[in-house]
Amino acid sequence: MTFLARHAEQRFRVIAWILGLTAVMTLGFLHTAMDTEYAFSSAIILPVVAVAWTGGRRDGFLFSLLAAVMWVGVDVLADRQFSSDWIPFVNGLTRFATYSFVSYLIVQVQTLLSRVQEMARHDALTTLLNRDAFFEAGEAEARRCQRYGHHIAVAFLDLDDFKLLNDSRGHGAGDRALRAVALALQKTLRTTDYVARLGGDEFAILLPEIGYNAATEAGQKIAASVNQAMNEFPPVSVSVGIAWFDSAECGFSAMLSSADAVMYEIKRDGKRGVKARRIEAITTVSQPKAWESL
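What you see is a predicted model, and the numbers here were worked out from it, not measured in a lab.

Trainee: How do you make sense of the packing of aromatic side chains when you look at a structure like this?
Mentor: The relative placement of two aromatic rings is captured by the distance of their centres and the angle of their planes. A complete count under the given rule lists 5 aromatic pairs for this structure. Ring centres of F134 and F252 lie 5.4 Å apart, and the angle between their planes is 65 degrees; on these two criteria the pair is classed as edge-to-face. Taken together, the positions of F134 in helix α5 (residues 131–148) and F252 in helix α9 (residues 252–268) put the pair 118 residues apart, joining distant regions of the chain. In this structure, F134 and F252 share a single accessibility class: buried. Plain terms: the ring middles of F135 and F252 are 5.4 Å apart, the flat faces sit at 85 degrees to each other, and that makes the pair edge-to-face. With F135 in helix α5 and F252 in helix α9, the pair connects residues that are 117 residues apart, well separated along the chain. F252 carries the same exposure label as F135, and that label is buried. An aromatic cluster is defined as three or more aromatic residues linked by ring pairs; in this entry it consists of F134, F135 and F252. The ring of W244 carries the charged tip of R278 above its face, separated from the ring centre by 5.4 Å.

Okay, here's the thing in structure tokens:
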């Protein structure tokens, strides 16, 4: 999570607390002013939801406790008539249990939504970014590199003879090979890099803020790591095409197409290799690739 995202999250949390406490005090005042003809305790559920959503389980629990204590105080200090002195405290305990349960449900729903959103951004087999998430990250990084004048590189990976593996050992072996590739890539790359499975046996990597020599070296390390992982899955190997850009003015889709074109040069030359190229400018629009229609 970025600093700006954390700052915004904290700001919403503080706002939720302020509004929530204001609502609790206002409802408590109305409850006292209107005697017992109107019940406002159920309305506290709304600020409970807001606080739990922005602050999580701990904030929701604490706010529920404060709200329940407030209602006990209102009932006791207002000198209401109850058949027994302990009834306000039982009512407060009941309200606390209700608010806490609502808070728990809100946190569970939020967690579930986060998991669904995360699953929607990742490939189910390899857990790498999927195509849509990779393009989203790529466009954002391209804009950032263009704004600050940073270099950027894109690597396109294609597994050689992957179909032979599926035909000879079955799709289960193919799936294991793809997971092994993903693990090899995750171990090799920097924390600032982005890696995705575009579909089938095609992978892509975004390398922000990197020089040409460093990008070439990274491509060699990537190929070595993947080929080592593929020793268990003969005859599979990898072809890695790297397109390095002094600036990111051409747009991310064109950048990925350039890396794809470099990779296909390796395929034409006999597969299993690494090739990097400096891309000064892109003046023509590349034809759509297979991965663009997945």
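Trainee: Explain the packing of α5 against α9 here, please?
Mentor: The relative placement of two packed helices comes down to the angle between their axes together with the axis-to-axis distance. Here α5 crosses α9 at 110 degrees, and the two axes come no closer than 9 Å. What the angle tells us is that α5 and α9 run roughly perpendicular. The residues of α9 that touch α5, namely those facing F134, F135, G138, E139 and A142, are F252, S253, M255 and L256. Residue composition of the contact of α5 with α9, by class: 6 nonpolar, 2 polar and 1 charged.

Trainee: When you look at unusual backbone geometry in this model, what are you seeing that I'm missing?
Mentor: Excluding glycine, most residues fall at negative phi; most peptide bonds, likewise, are trans. Cis peptide bonds are those with omega within 30 degrees of zero, and the linkage from P234 to P235 qualifies with 5 degrees. Relative to the elements of secondary structure, P235 occurs in the loop between α8 (212–229) and β4 (237–245). One non-glycine residue, D161, lies in positive phi territory at about 60 degrees. Its place among the elements puts D161 in the loop between β1 (152–160) and α6 (162–169). Backbone geometry at R272 places phi at a positive 50 degrees, although glycine is not the residue there.

Trainee: What is the right way to read α5 from this model?
Mentor: In an α-helix, one turn spans 3.6 residues; hence positions three or four apart end up facing the same way. For α5, spanning 18 residues, the distance from its first C-alpha to its last is 26 Å, which sits close to the expected 26 Å at 1.5 Å a residue. Along α5, the positions that sit buried rather than exposed are R131, A133, F134, F135, A137, G138, E141, A142 and C145. Looking at the buried positions of α5, the neighbouring elements they touch are α4 (87–121), β1, β2 (194–199), β3 (202–208) and α9. The backbone nitrogen of D132 lies 3.4 Å from a side-chain oxygen of the residue at the head of α5, namely N130. G149 occupies a position one or two residues after α5 and carries a positive phi of about 75 degrees.

Trainee: It is not clear to me how the confidence of the model for the protein should be interpreted in this structure. Could you clarify?
Mentor: Low-pLDDT portions of the prediction should not be read for the details of their coordinates. When pLDDT is averaged across the protein, the result is 86; 87% of the residues are at 70 or more. Low pLDDT, under 50, characterises residues 283–288; the stretch is placed with 2 contacts to residues that sit more than four places away or in other chains.

Trainee: Please clarify how the pattern of salt bridges should be interpreted in this entry.
Mentor: Once the charged atoms of two side chains with opposite charge are near each other, the side chains can pair. Per the stated rule, a full pass over the model turns up 15 salt bridges. A salt bridge links D158 to K267, with the nearest nitrogen and oxygen atoms 2.5 Å apart. Placement of D158 in strand β1 and of K267 in helix α9 is noted, with a sequence separation of 109 residues between them. Among the residues examined, D158 registers a relative accessible area of 8% and is labelled buried. One salt bridge in this structure joins E217 and K221, with 3.5 Å as the shortest N-O distance. Note that E217 and K221 are positioned in helix α8 at a spacing of 4 residues, about one turn of the helix. Take K221: its relative accessible area is 48%, and that puts it in the partly exposed class. If you follow the salt bridges from partner to partner, you end up with E265, D269, K275 and R277 in one network.

Trainee: Is there a simple way to explain the sheet that holds β3 in this structure?
Mentor: Each strand in a sheet pairs with its neighbour through backbone hydrogen bonds, running either in the same direction (parallel) or in the opposite one (antiparallel). Sheet architecture is open: 5 strands sit in the order β2-β3-β1-β4-β5, paired in mixed fashion. Looking along the sheet, the strands with just one partner apiece sit at the ends: β2 and β5 (273–279). Ignoring strand direction, the axes of neighbouring strands in this sheet form an average angle of 20 degrees. Two strands pair when backbone bridges link them, and β1 and β3 are joined in this way by 7 bridges, in the antiparallel orientation. Within the sheet, the bridge partner assigned to A155 lies in β3 and is I205. Sheet strands touched by helix α7 (residues 171–188): β1, β2 and β3. Its angle to β3, the strand with the most contacts, is close to 10 degrees.

The rules behind these values
Residues numbered from 1 in each chain as written. Predicted model: local features only at pLDDT ≥ 70, side-chain atom pairs only at ≥ 80, totals over all residues. Heavy atoms only, no water. Phe/Tyr/Trp six-rings, centres within 6.5 Å; stacked < 30°, edge-to-face > 60°. Helix = DSSP H or I, 4+ residues; strand = E, 2+ residues; numbered from the N terminus. Buried < 20%, exposed > 50% of the residue type's maximum accessible area, 1.4 Å probe, protein only. Lys NZ or Arg CZ within 6 Å of the ring centre and 35° of its normal. Axes fitted to C-alpha atoms, helices over the stretch in contact; angles between N-to-C directions. Parallel < 35°, antiparallel > 145°, perpendicular 65-115°, else oblique. Contact = heavy atoms within 4.5 Å. Nonpolar A, V, L, I, M, F, W, Y, C, P; charged D, E, K, R; others polar. Expected span 1.5 Å × (residues − 1). Polar contact = N/O pair within 3.5 Å; in protein donor to acceptor, adjacent residues only side chain to side chain. pLDDT = per-residue confidence, 0-100. Salt bridge = Lys/Arg side-chain N within 4 Å of Asp/Glu carboxyl O. Pairing = 2+ DSSP bridges.

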